[in-house]
Amino acid sequence: MLRFLNQCSRGRGAWLLLGFTAFALEMVALYFQHVMLLKPCVMCIYERCALFGVMGAGIVGAIAPKTPLRYAALLIWLYSAYEGVRLAYDHTMLQLRPAFAVTCDFAAHFPNWLPLDKWLPAIFVASGDCAEKQWAFLSLGMPQWLLIIFVVFLLIALLVLVAQAMKPKRRDLFNR
C-alpha cells in the first residue's frame, strides 16, 4: 500500500483529487451559507481556511508532482489537516460542552497582509454563534463531520509522508 501511495504522490491525479475534494467541501459550505442561510461562526471561517490550505496543497502538488515541490505540498497538507483537526475539535467541544462564559470571537482575525474578510466577505465574514447547533446529519453536527473529514485528511497525509521513504516499483515490459 505504501508503494502505491508513493506512486500516486508522483502523479497529478492524486493531487488533483485532493484539491477537488477540498474544493467540493468548500462549495458545500457556501451552499449551506448562501442557499440554506446557515450563519457561519468564527470557528467555521477558520475551518474553511484550513480546507483552503488542503486545496492549496492539492494545487501545489499537481503543479510538479515528480519534483521536490511535492514535499512542500505534503507539508502544506499536513499542516492544514492538523490545524483543521485542532479547530474542528475545539469547535466540537464548544458545542458539546458549552461553558457559561466561553464564547467565540465576533469576527475572524486575519493578518494585515491577508485581510480575507475584506477581500472576500461573502466567504470569510462570520455572523453566527459557535455554540449554536444549526445543522445535523445522522445526529452529528457540522463540526463533528469536519473533525472526521480532517482526521481522514491527516491520516492519509501521514501515510503519504511515510510512503515517501519507499522506492517506487519500476514496471516495464520485461520486469514483472
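Located above this text is the structure these notes cover.
Attention here is on the structure that accompanies the text. (Residues numbered from 1 in each chain as written. Predicted model: local features only at pLDDT ≥ 70, side-chain atom pairs only at ≥ 80, totals over all residues. Heavy atoms only, no water.)

**Comments concerning a nonpolar patch on the surface**
Item 1. A cluster of nonpolar residues, Val-151, Leu-155, Leu-158 and Leu-161, forms a patch on the protein surface that exposes about 310 Å² of accessible area.
Item 2. By the element assignment, Val-151 lies in helix H7 (residues 142-163). (Patch = residues over 30% accessible without salt bridge, like charges linked within 9 Å, V, L, I, M, F, W, Y side chains within 5 Å. Areas by Shrake-Rupley, 256 points an atom, 1.4 Å probe, with all protein chains shown as cover. Salt bridge = Lys/Arg side-chain N within 4 Å of Asp/Glu carboxyl O. Helix = DSSP H or I, 4+ residues; strand = E, 2+ residues; numbered from the N terminus.)

**Overview of the pattern of salt bridges**
Item 1. All chains considered together, the criterion is met by two salt bridges.
Item 2. Note that Arg-86 is salt-bridged to Glu-83, the shortest N-O span being 2.6 Å. Placement of both Arg-86 and Glu-83 in helix H4 (residues 69-96) is noted, with a separation of three residues, approximately one turn of the helix.
Item 3. When the shortest N-O distance is used, the salt bridge between Asp-90 and Arg-86 registers 3.7 Å. Within this pair, Asp-90 and its partner Arg-86 are both found in helix H4, separated by four residues, close to a single helical turn.
Item 4. Taking relative accessible area as the criterion, Arg-86 reaches 34% and is therefore assigned partly exposed.
Item 5. The network of salt bridges with shared partners includes Glu-83, Arg-86 and Asp-90. (Buried < 20%, exposed > 50% of the residue type's maximum accessible area, 1.4 Å probe, protein only.)

**Some details on the nonpolar core**
Burial of nonpolar side chains together is a common tendency in soluble globular proteins.
Item 1. Counting residues in each nonpolar core, the largest one holds 24 residues, and the members touching the most others are Trp-15, Leu-18, Val-54, Leu-74, Trp-77, Phe-150 and Phe-153.
Item 2. Residue assignment for this core shows that the elements contributing at least two residues are helix H2 (12-34), helix H3 (42-63), H4 and H7.
Item 3. Those residues within four positions of Phe-150 in sequence are excluded, and the remaining contacts are Glu-47, Ala-50, Leu-51, Ser-80, Ala-81, Gly-84, Val-85 and Ala-88. (Core = buried A, V, L, I, M, F, W, Y, C linked by side-chain atoms within 4.5 Å. Contact = heavy atoms within 4.5 Å.)

**Quick notes on the environment of Ile-76**
Item 1. The residue Ile-76 is located in helix H4 in this model.
Item 2. Looking at Ile-76, the relative accessible area reads 33%, which means it is partly exposed.
Item 3. Remark: the alpha-carbon pair of Ile-76 and Gly-61, spanning 15 residues in sequence, is separated by 9.7 Å.

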